[in-house]
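Breakdown of the fold
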Amino acid sequence: MELRELGTTGIKLSPLGLGTVKFGRNEGIKYPTAFELPEESDLADLLTRAKELGINTLDTAPAYGLSEERLGRLLCGQREDWVIIGKAGEEYQDGNSRYNFSPGYLEMSLECSLERLNTDYIDIFLIHSDGDDLPNLSDDVIRAMQDFKRRGLVRAIGASTKTAEGGMRALEFMDTVMATYTPNYTAEKDVLDFATTHGKGVLLKKALSSGYNTNIEDVFRFCFAHPAVTSAVVGTINPEHLRGNAEILNAILRSPPEELRE
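Residues numbered from 1 in each chain as written. Predicted model: local features only at pLDDT ≥ 70, side-chain atom pairs only at ≥ 80, totals over all residues. Heavy atoms only, no water.

Considerations on helix H4 (residues 103–117)
Condition: Secondary structure elements follow DSSP: runs of H or I of four or more residues count as helices, runs of E of two or more count as strands, with numbering from the N terminus. What a helix should span is 1.5 Å times the count of its residues minus one. Using a 1.4 Å probe on the protein chains alone, a residue whose accessible area is under 20% of its type maximum counts as buried, one over 50% counts as exposed, and one in between counts as partly exposed. Whether two residues are in contact is decided by their heavy atoms: any pair within 4.5 Å suffices.
The end-to-end C-alpha separation of H4 is 21 Å, in line with the 21 Å expected for 15 residues at 1.5 Å each. Where H4 is concerned, the buried positions are Tyr105, Leu106, Ser109, Leu110, Ser113, Leu114 and Leu117. Contacts made by the buried residues of H4 are with helix H3 (67–74), strand E5 (83–88), strand E6 (90–93), strand E8 (122–127), helix H6 (139–150) and strand E9 (154–160). Directly beyond the C-terminal end of H4, a positive phi value near 60° is found at Asn118.

Focus on the packing of aromatic side chains
This is how it is decided: Aromatic contacts are taken between Phe, Tyr and Trp rings whose centres are within 6.5 Å, Trp giving its six-membered ring; a plane angle under 30 degrees counts as stacked, one over 60 as edge-to-face, and the others as tilted.
If you walk through the whole model with that rule in mind, you get 4 aromatic pairs. Relative to Phe148, the ring of Phe125 has its centre 6.0 Å away and its plane inclined at 70°; by these criteria the two rings are edge-to-face. With Phe125 in strand E8 and Phe148 in helix H6, this pair connects stretches of sequence that are 23 residues apart. Accessibility expressed as a relative area gives 0% for Phe125, which makes it buried. Ring geometry for Phe220 against Phe224: centres 6.4 Å apart, planes inclined by 80°, an arrangement best described as edge-to-face. You can see Phe220 and its partner Phe224 sitting in helix H9 (residues 216–224), 4 residues apart, about one turn around the helix.

Brief notes about the side chain of Asn245
Along the chain, Asn245 turns up in helix H10 (residues 239–254). Contacts of Asn245, omitting those with residues within four sequence positions, involve Leu16, Leu208, Ile216, Phe220 and Val234.

Considerations on the pairing of E9
Here is the rule: In this description, strands pair whenever DSSP reports at least two bridges between them. Crossovers are marked right-handed if the path from the first strand over the helix to the second runs clockwise, as seen with the strands pointing away from the viewer.
Of all 7 residues in E9, 6 are buried, a share of seventy percent or more. Judged from the 5 bridges that link them, E8 and E9 form a sheet pairing that is parallel. Looking at the pairing, Ile122 lines up with Val154 of E9. The pairing of E9 with strand E10 (residues 176–179) spans 3 bridges and is classified as parallel. For Ala159, the partnering residue across the bridge sits in E10 and is Val177. For the segment spanning E9, helix H7 (residues 164–173) and E10, crossover handedness is right-handed.

Section: the pattern of salt bridges
Selection rule: Salt bridges are defined by distance alone: a side-chain nitrogen of Lys or Arg within 4 Å of a carboxyl oxygen of Asp or Glu.
Inspection of every chain in the model, using the stated rule, returns 19 salt bridges. Arg79 is paired through a salt bridge with Asp123; the nearest N and O atoms lie 2.9 Å apart. Here Arg79, found in the loop between H3 and E5, pairs with Asp123, found in strand E8; they are 44 residues apart in sequence, far enough to count as distant. The closest approach of N and O atoms between Arg151 and Glu107, which form a salt bridge, is 3.0 Å. Of this pair, Arg151 sits in the loop between H6 and E9 while Glu107 sits in helix H4, and the two are 44 residues apart along the sequence. Of the residues examined, Glu107 reaches a relative accessible area of 24% and is grouped as partly exposed. Residues joined by salt bridges that share partners form a network here, namely Arg49, Glu52, Glu240, Arg243 and Glu247.

Focus on the sheet that holds E5
Rules: Angles here are taken between N-to-C directions and fall from 0 to 180 degrees, while the axes themselves are lines fitted to C-alpha atoms, restricted in helices to the stretch in contact.
The 8 strands are arranged E3-E4-E5-E8-E9-E10-E11-E12 in a closed barrel whose pairing can be described as parallel. Between one strand axis and the next, the sheet turns by 30° as a mean value, whatever way the strands run. Relative to strand E4 (residues 57–59), strand E3 (residues 16–19) is paired through 2 bridges, and the arrangement is parallel. Looking at E4, one finds that Gly19 is bridged to Asp59. Running at roughly 160° to E3, H10 makes contact with E3 and strand E12 (229–235) of the sheet.

Put into structure tokens, the structure is as follows:
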């Protein structure tokens, strides 16, 4: 799997990223079927398979339950092999999500994530979203994010957004955005277009609609036809699903550009 640079950050990502919600949380989620949290030995095997497939990108967050601390153990001795996408602003506790987007809270959350992940930096650090993006992307918050980057705590900054307005503001002042863009949802297309004209890379979430969209080839072909898309994060704990997703995307990306746009 050929790595792709995220805008002008110098960070090279696999076009398929591995989402790790299921590494640490199985409550209060919207997947079509229930599941048990896997054993860490099974997750170690999954990460080995991911590396064999050329996947180097992992997406995690404090809101993903035990995901960060499990990754901290699983990636011991191989931190440099992975690009970690982290987040702050949302915590999941006692069956509910709690949000706090104050600069002080974001810094505290970042420090806790670094400790849980057993690392001294996060590659791509995003502000989580509660759906009300613009107020959460205040000048003070953006300055705090820029300061985290200046101090070397993170390599690139951005926001995981749910609105086009939020995505545009994130790209105006930061490095990247994690947006949703699928054949059935194009409300954030303006964000991707803005990224293209400003040399920014875009991360995609929910490309497969949390497992509800099973037409994987059509979805990936649609998503990667847009030139702004660097990587799509898809969560799974099933090695065969991971392999299948990677093979489908590899075949699409090897096709001629004119076929990708069809």
